[in-house]
Amino acid sequence: MPRHTIEEMYQELGISRKVYRLGKETEDSLAERFAKIQETAEYNQLKVVSAMQKCRVSAECFQSGTGYGYNDLGRDVLEEVYAAVFHTEAALVRSQITCGTHALAVALAANLRPGDELLSISGKPYDTLEEVIGIRPSAGSLAEYGVSYRQVDLLSDGSFDFEKIRGAVNDKTRVVAIQRSKGYQTRPTLSVEAIAEAIRFVKDIRPELIVLVDNCYGEFVECGEPSDFGADMTVGSLIKNPGGGLAPVGGYIAGTKACIDRAAYRLTSPGLGREVGASLGVNRSFFQGLFLAPTVVAGALKGAIFAANIYEKLGFRVVPNGTEKRHDIIQAVEFGTPEGLIAFCEGIQAAAPVDSYVRPEPWAMPGYDSDVIMAAGAFVQGSSIELSADGPLKAPYAAYFQGGLTWEHAKLGILKSLQSLVDKGLVCLEEI
Ligand SMILES: *Cc1c(COP(=O)(O)O)cnc(C)c1O
C-alpha cells in the first residue's frame, strides 16, 4: 500500500489543495484530446521505428569516429534515418550544428548567393534570425554578403497573404522561408496543411524557388511534416522535439540532395561536405532520442493543452486557446504584468529536477532585443524539449511555455507555476 495519496505527494511538493483540485478537474475534462495525441504519437513511433529498420540501424552505429570523421558509420546511418523519417533525399544531422539558429543560418547561407533575395512569407522571422539575415545589422549577416531580404506578413487571421506573395516574388528571389511555429509572437502557429498549400502556391509561381521551413518545435506534433509536401529544406534543433531530450546538442536539415550538399559544404568546407565531422560519441543519444521523440512530444503537447485550459479558466489570454488544434508544442500565456511573467517562470523553475532551488532572473540575452527571463532546470543546458518557460520583458508580458519530457512532469510544472502566482497574490482561486 502506498504511504501517501497522489494529492499528498503534490502537497509535499508545495501544491495546495485548491491548485491540485483545479488541475484534476482540468485534466479530467481533457481525456478525449489526450487520446487523440496518443494516436499521433503511435503513428509517429511507427514511422521512426520503420525508418530505423529500413536503414539497418545496428550496434556498430553507436560507435563513434574521431579526428576527421571519415566513414563515421553511425553519423551516416543517422542521416539516412532522418531522411527516411522526413521523406527527403538527404539530411544533415550534426553535433557540429550548434543550435537551431545555426542550422537555419547554414541552410540559408549555403543556398543563397550575392544578388539573390530571401523572401519570408510568414512575416517577421524568429528573433535570432534578424542578425543572420541582417534585418538588425550584424557582422557576417546575409546582407553583408549582398543577399537582400523581403517579407510578406501573414494576414490578421494568421493565414498566408497569397496575393502579396505573388507580388513579392521577383527575378532575384531564390529562397522562400516559412516559419511553422510562432516564436515570440502571438500569431497562430501554421499547420502542416497550411504550409503545404503555401509550398504549392510558391512552386506554381516558379518551381525552382527553394522553400525552406523553420520546423522548430513542430516535429511529430502532426503525422506529416513540411518535407512531405515539397519543402526543399526542413530545419530544426535537436535540443527541441527530434532530440527527444537525449540529444545533448545538434541540429538537422532534411531536404533535397542539392540543398543538403550545399549545406554540408557550407558547414564543413567546400569539397569536404558531409564526408567529415566526427560524431564524437553522440550517435547513440541521437538515435535513442529520435526513437523517444514521438512520445516525448506527446507529453509536451498534453502539458501545453493543460496549461492553456488552466490559465484560460483564470481569465488570462492564452495562445493557442484551450480548444484549438495544435501545430507545435509552444503555449503562450499573456500575464500583462512583469510580476505575472516572473512568478510563472519561478514556478516552472521550482518544479525542475535540476536546479530547482535557483530563482530565474531577467537578463540581456545575446540575439534578443529586450531582457528575457528563462526558467529551465534541464539535464541538457538550454534544452527546451525539457520543461522550460521564457519570455521577453515587454508587453504583453507573455510567457512561452514548452516541453516536459513526461506528461507527469509537465503537469507538475504547470501546477507549480499556478501555485507561484497564487502565493504572490497575483491569482485568487476563490474567484473562479
Ligand atoms: C528555437 C527556435 C529557433 C532557434 O533555435 P535555437 O536553437 O534557439 O538557436 C528558430 N526558430 C524558431 C521558430 C524557434 O522556435
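Colleague: Mind laying out the pattern of salt bridges, listing which residues take part and the relevant values?
Modeller: Side-chain pairing between opposite charges can occur once the charged atoms of the two side chains come close. What the rule picks out here adds up to 23 salt bridges. A salt bridge links Arg75 to Asp76; its shortest N-O distance comes to 3.1 Å. According to the relative accessible area criterion, Arg75 is buried, its value standing at 3%. When its relative accessible area of 31% is taken as the criterion, Asp76 is described as partly exposed. The partner of Lys424 in a salt bridge is Glu346, with the nearest N and O atoms 2.5 Å apart. Of this pair, Lys424 sits in the segment after helix H12 (407-423) while Glu346 sits in helix H11 (residues 338-350), and the two are 78 residues apart along the sequence.

Colleague: Talk me through the packing of helix H2 (residues 17-29) against H12; I want residue IDs and the actual numbers.
Modeller: Running from amino to carboxyl end, H2 crosses H12 at an angle of 135°, the nearest separation of the two axes being 10 Å. Here H12 runs oblique to H2, going by the angle between their axes. In this structure, H2 meets H12 at a crossing whose hand is right-handed. Each of Val19, Leu22, Gly23 and Glu27 in H2 lies in contact with H12, whose residues at this interface are Trp407, Lys411, Leu415, Leu418, Gln419 and Val422.

Colleague: How would you sum up the state of the cysteines? Please name residues and give values.
Modeller: Applying the stated criterion across every chain yields a total of 0 disulfides. Counting only cysteine sulfurs, Cys216 is the nearest neighbor of Cys99, a cysteine outside any disulfide, at a range of 8.9 Å. Taking the relative accessible area as the measure of exposure, Cys99 reaches 29% and is therefore partly exposed. Left unpaired, Cys259 is separated from the closest cysteine sulfur, that of Cys216, by 18 Å.

Colleague: Describe the sheet that holds strand E6 (residues 233-237), and please don't skip the residues or the numbers.
Modeller: If you walk across this open sheet you meet the 7 strands as E1-E7-E6-E5-E4-E2-E3, and the pairing is mixed. Two strands bound the open sheet, and with one partner strand each, they are strand E1 (90-94) and strand E3 (148-151). Averaged over all pairs of adjacent strands, the angle between their axes in this sheet comes to 20°, without regard to strand direction. For strand E2 (residues 117-120) and strand E4 (residues 173-179), the ladder comprises 4 bridges, and the chain directions are parallel. What sits directly across from Leu119, in E4, is Val176. Taken strand by strand, helix H4 (residues 73-86) contacts E1, E6 and strand E7 (251-255), and its axis lies near 125° from that of E1. Packing of helix H5 (residues 100-111) onto the sheet brings it into contact with E2, E4, strand E5 (210-214), E6 and E7, and relative to E6 it is tilted by some 155°.

Colleague: Mind laying out H11, listing which residues take part and the relevant values?
Modeller: Compared with the 18 Å implied by 1.5 Å per residue over 13 residues, the 18 Å span of H11 between its first and last C-alpha is a close match. Those residues of H11 lying buried are Gly340, Leu341, Ala343, Phe344, Cys345, Glu346, Gly347, Ile348 and Gln349. Of the surrounding secondary structure, the elements contacted by the buried residues of H11 are helix H10 (283-313), strand E10 (372-376), strand E11 (388-392), strand E12 (398-402) and H12.

Colleague: Help me get a handle on the site of the ligand, residues and values and all.
Modeller: The full set of residues close to the ligand is Cys99, Gly100, Thr101, Leu104, Tyr126, Gln179, Asp214, Cys216, Tyr217, Ser237 and Lys240. One of the side-chain N or O atoms of Asp214 is found 2.6 Å from a nitrogen atom in the ligand. A distance of 3.1 Å separates an oxygen atom of the ligand from a polar atom in the side chain of Lys240. Across the complex, the protein chains shield 90% of the 380 Å² of accessible surface that the ligand would expose by itself. Sorting elements by how many residues they give to the shell around the ligand places H5 first, with 3 residues.

Colleague: Give a description of helix H3 (residues 31-54) that names residues and reports values.
Modeller: Between the first and last C-alpha of H3 there are 35 Å, a value that for 24 residues agrees with the 34 Å anticipated at 1.5 Å per step. Buried within H3 are the following residues: Phe34, Ile37, Thr40, Ala41, Asn44, Gln45, Lys47, Val48, Ala51 and Met52. Taken together, the buried residues of H3 touch H4, H10 and H12. Arg56 sits one or two residues past H3 and shows a positive phi near 55°.

Colleague: With reference to specific residues and values, describe the environment of Glu8.
Modeller: Residue placement: Glu8 occurs in helix H1 (residues 6-12). For the pair Glu8 and Glu193, spaced 185 residues apart in sequence, the C-alpha separation works out to 44 Å.

Colleague: Provide a residue-level description of the pairing of E12, including the pertinent values.
Modeller: Within E12, 5 of the 5 residues are buried, leaving the element largely enclosed by the surrounding structure. Residues Ala398, Tyr400 and Gln402 line one face of E12 and the alternating positions Ala399 and Phe401 line the opposite face, and both faces are buried. Direction of pairing for strand E9 (residues 331-334) relative to E12: antiparallel, over a ladder of 4 bridges. Following the sheet pairing, Gln331 is matched in E12 by Phe401. In this structure, E11 lies alongside E12, joined through 3 bridges in antiparallel fashion. In the strand pairing of E12, Ala389 is matched with Phe401. In textbook terms, the turn of a hairpin is the stretch between consecutive antiparallel strands, and for E11 and E12 this stretch comprises 5 residues, one of which, Tyr397, has a positive phi near 50°.

Parameters at a glance
- Residues numbered from 1 in each chain as written.
- Predicted model: local features only at pLDDT ≥ 70, side-chain atom pairs only at ≥ 80, totals over all residues.
- Heavy atoms only, no water.
- Salt bridge = Lys/Arg side-chain N within 4 Å of Asp/Glu carboxyl O.
- Buried < 20%, exposed > 50% of the residue type's maximum accessible area, 1.4 Å probe, protein only.
- Helix = DSSP H or I, 4+ residues; strand = E, 2+ residues; numbered from the N terminus.
- Axes fitted to C-alpha atoms, helices over the stretch in contact; angles between N-to-C directions.
- Parallel < 35°, antiparallel > 145°, perpendicular 65-115°, else oblique.
- Left-handed = near helix turned anticlockwise from the far one by under 90°.
- Contact = heavy atoms within 4.5 Å.
- Disulfide = S-S within 2.5 Å.
- Pairing = 2+ DSSP bridges.
- Expected span 1.5 Å × (residues − 1).
- Near = heavy atom within 4 Å.
- Polar contact = N/O pair within 3.5 Å; in protein donor to acceptor, adjacent residues only side chain to side chain.
- Areas by Shrake-Rupley, 256 points an atom, 1.4 Å probe, with all protein chains shown as cover.

Function-wise, these values are silent; they only describe arrangement.
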